[in-house]
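# Per-entry structural report
Here is how the chains run, residue by residue.
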Amino acid sequence: MSIIDKQTLADVTIREACPDDAAALLGFFLRMEEKFDLLYEPGERARDSAPVRHQLGEFSERTNCLFIVALKASEIVGFLSIEGGRQRRRERAGYLIMSVREDCHGQGIGRALLQSASEWAVRTGMIRVELVVLDSNPRARHLYEKMGFIAEGHLRDYLVIRDQPSDAVLMAKYFRSAAAQTTDSSHGN
Ligand SMILES: CC(C)(COP(=O)(O)OP(=O)(O)OC[C@H]1O[C@@H](n2cnc3c(N)ncnc32)[C@H](O)[C@@H]1OP(=O)(O)O)[C@@H](O)C(=O)NCCC(=O)NCCS
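Let me sum up the structure you'll find in this document. Keep in mind it's a predicted model, so treat the numbers as computed, not measured. (Residues numbered from 1 in each chain as written. Predicted model: local features only at pLDDT ≥ 70, side-chain atom pairs only at ≥ 80, totals over all residues.)

### Things to note about the overall build of the protein
Which entries qualify depends on this criterion: For helices the rule is a DSSP run of H or I covering at least 4 residues; for strands it is a run of E covering at least 2, with both sets numbered from the N terminus onward. Between the two quantities, the radius of gyration covers C-alpha atoms and the globule rule is 2.2 Å times the number of residues to the power 0.38. To sort residues by exposure, count the other C-beta atoms lying within 10 Å of each residue's C-beta; 20 or more gives buried, 12 or fewer gives exposed, and values between give partly exposed, all with C-beta atoms placed from the backbone. The contact criterion used is a C-beta to C-beta distance within 7 Å, with each C-beta placed from the backbone.
Looking only at helices and strands, one finds five helices and eight strands in the protein. Each helix and strand of the protein, ordered N terminal to C terminal, gives the series β-β-α-α-β-β-β-α-β-α-β-β-α. A globule of 189 residues ought to have a C-alpha radius of gyration of about 16 Å, and the protein, at 17 Å, matches this closely. Taken along its principal axes, the extent of the C-alpha atoms in the protein is 55 × 40 × 35 Å. Per-residue burial over the protein gives 26% buried out of 189 residues. Residue pairs at least 24 apart in sequence account for 61% of intrachain contacts in the protein once pairs closer than 6 positions are excluded.

### Let's talk about the nonpolar core
This is how the line gets drawn: Remark: nonpolar core denotes a set of buried Ala, Val, Leu, Ile, Met, Phe, Trp, Tyr and Cys residues whose joining runs through C-beta atoms within 7 Å.
Of all hydrophobic cores here, the largest spans 38 residues; its most connected members are L66, I68, A70, F79, L80, L113 and A117. Take this core: its biggest share by element is seven residues, from helix α3 (residues 109–124). What F79 contacts, discounting residues up to four positions off in sequence, is A17, L25, F28, I68, V69, M98 and S99.

### Side note on the environment of A112
If you trace the backbone, A112 turns up in helix α3. The spacing of A112 and D48 is 64 residues in sequence and 29 Å in space, taken between C-alpha atoms.

### Description of helix α2 (residues 50–61)
Here is the rule we go by: Expected span, for any helix, means 1.5 Å times one less than how many residues it has.
Helix length check: α2, at twelve residues, gives a terminal C-alpha distance of 17 Å against a target of 16 Å (1.5 Å per residue), a fit within 8%. Of the surrounding secondary structure, the elements contacted by the buried residues of α2 are α1 (22–35), β3 (66–72) and β4 (75–84).

### Remarks on unusual backbone geometry
Its identity as a non-glycine residue notwithstanding, A73 has a phi of 45°, on the positive side. Here A73 is to be found in the loop between β3 and β4. Given 8 C-beta atoms within a 10 Å radius, A73 is considered exposed.

### Re the site of the ligand
Rules: Residues are classed as near a molecule or strand if the C-beta position derived from their backbone is within 6 Å of it. Nonpolar residues are Ala, Val, Leu, Ile, Met, Phe, Trp, Tyr, Cys and Pro. Charged residues are Asp, Glu, Lys and Arg, and all others, Gly as well, are polar.
S99, H105, G110, R111 and H142 are the nearest of the 20 residues found near the ligand. At the level of secondary structure, the elements contributing two or more residues to the shell around the ligand comprise β5 (93–100), α3 and α4 (138–146). At six residues, the largest contribution of residues to the shell around the ligand is made by α4. Its residues assigned to classes, the shell around the ligand comprises nine nonpolar, eight polar and three charged.

### Focus on the packing of α1 against α2
Short version of the rule: Orientation is described by lines fitted to C-alpha atoms, with helices fitted over the stretch in contact, and by angles between N-to-C directions that extend from 0 to 180 degrees. Should the near helix be turned counterclockwise from the far one by less than a right angle, the crossing is left-handed, whereas a clockwise turn marks it as right-handed.
Running from N to C, α1 and α2 cross one another at 115°; their axes reach a closest spacing of 8 Å. Relative to α2, α1 is oriented so that their crossing is right-handed. Facing α1, whose interface residues are A22, L25 and L26, α2 presents V52, R53 and L56. Residue composition of the contact of α1 with α2, grouped by class: five nonpolar, no polar and one charged.

Okay, here's the thing in structure tokens:
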């Protein structure tokens, strides 16, 4: 079970998601997929919260997975997930996805989600968190760079969006030195 510190950003609360968030999260995903170019096309995802519930249950049991939500007046306005690798040699690396509801952009919610995720990564001993961002999404790329992600490579024709092959960038943030510092200071005490 992964534990996340609660963070408050004015009227926003960030907490770990639980299986009972599944229906609200499904609604959030469907809304975001209508408005932005994400992995699923609008209308492609099943309108069934059971797979989301299953994922939330599984992530809360796997120590190298994280699923957090940002809430405003009890409504989900953002989420971030990290899926850690299943093989032992990949278990300290994770793949991140996130989004924030369009009427809440520019309020620092994306930044707060990434901050919580970085703190979680250090606490749990993850050494690498990676993500893929489309070239057509400079806003997200700017935020990731600001939060310490580094571009590792260009992914040509990564997605086909409205019949157009679209390029993307693979980015990663490394936590090995932070994890080592945590271990060093805990040994020193
Ligand atoms: C990317 C996303 C998560 C950012 O969330 P957010 O809550 O708006 O982020 P923040 O408010 O913390 O920060 C946004 C930053 O982007 C900057 N920004 C805004 N528009 C921009 C643009 N067109 N180009 C570059 N930077 C931009 C803001 O100025 C801010 O940076 P600053 O703090 O240096 O001023 C959000 O826009 C989103 O969910 N988009 C739709 C889904 C998506 O793209 N998900 C990511 C897929 S990889």
